[in-house]
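# Tertiary structure, described
So the chains spell out like this:
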Amino acid sequence: MAFAVIAHYHCAPEDGATVRAALLKMREHTRTEPGNLGYEVHADVDRPGAFVLYERYADRSGFDAHAAAGYFDELIVRTVRPLLTDRTVTFAEVL
């Protein structure tokens, strides 16, 4: 069964360009992963520094492989997360 991740990221507006750049690099890497079915990055038009990610994987193991990638550590864990003021992540099965 397909597996989805919906993440809401919020950072200070002055950190928005850094977060955006890292998320777009992450999208490039993620879309080449064998278990990835889609990776969309959205910027909230009414809230500077707010982003929504919608990710789909063939299954949970596809996401687990994604989270174990070196570029995930570099771009998300070490670059994006330290700049976030709020983060919510929902894991879901695609019906």
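Everything that follows concerns the structure shown earlier in this document.
One structure accompanies this document, and this report is about it.

Rules and cut-offs
Residues numbered from 1 in each chain as written. Predicted model: local features only at pLDDT ≥ 70, side-chain atom pairs only at ≥ 80, totals over all residues. Heavy atoms only, no water. Pairing = 2+ DSSP bridges. Helix = DSSP H or I, 4+ residues; strand = E, 2+ residues; numbered from the N terminus. Buried < 20%, exposed > 50% of the residue type's maximum accessible area, 1.4 Å probe, protein only. Polar contact = N/O pair within 3.5 Å; in protein donor to acceptor, adjacent residues only side chain to side chain. Contact = heavy atoms within 4.5 Å. Phe/Tyr/Trp six-rings, centres within 6.5 Å; stacked < 30°, edge-to-face > 60°. Lys NZ or Arg CZ within 6 Å of the ring centre and 35° of its normal. Axes fitted to C-alpha atoms, helices over the stretch in contact; angles between N-to-C directions.

### Digging into the pairing of strand β2 (residues 36–43)
Pairing between β2 and strand β3 (residues 50–57): 7 bridges, direction antiparallel. Pairing of Asn-36 across the sheet is with Tyr-57, part of β3. The turn joining β2 and β3, which pair antiparallel and follow one another in sequence, is formed by 6 residues; a positive phi near 90° is taken by Gly-49.

### Examining the side chain of His-66
Note that His-66 resides in helix α2 (residues 60–68). Taking relative accessible area as the criterion, His-66 reaches 1% and is therefore assigned buried. In this structure the side chain of His-66 is engaged in a polar contact, spanning 2.9 Å, whose partner is the side chain of Glu-33. Among residues more than four places away in sequence, those in contact with His-66 are Met-26, Thr-30, Glu-33, Tyr-39, Glu-55, Tyr-57 and Phe-72.

### Some remarks on the packing of aromatic side chains
Per the stated rule, a full pass over the model turns up 4 aromatic pairs. Note on Tyr-57 and Phe-63: the rings are 5.6 Å apart at their centroids and 70° apart in plane angle, and the pair reads as edge-to-face. For the pair formed by Tyr-57 and Phe-63, the shared burial category is buried. Centre to centre, the rings of Phe-63 and Phe-91 are 5.5 Å apart; their planes meet at 65°, and the pair counts as edge-to-face. Remark: Phe-91 occurs in strand β4 (residues 84–93) and Phe-63 occurs in helix α2; sequence separation between them is 28 residues. Put simply, the rings of Phe-3, Tyr-57, Phe-63 and Phe-91 pair up and form one aromatic cluster. Taking NZ or CZ as reference, Arg-60 lies 5.1 Å from the ring centre of Phe-91, over its face.

### A few points about the sheet that holds β3
Taken together, the 4 strands give an open sheet; going across it, the order is β2-β3-β1-β4, and neighbouring strands pair in antiparallel fashion. Here the strands that pair on one side only, and so sit at the sheet edges, are β2 and β4. Strand-to-strand twist across the sheet, computed as the mean angle between neighbouring axes with direction ignored, equals 10°. Contacts between helix α1 (residues 16–30) and the sheet are confined to β1 (3–11), β2 and β3, with β2 contributing the most and set at about 165° to the helix.

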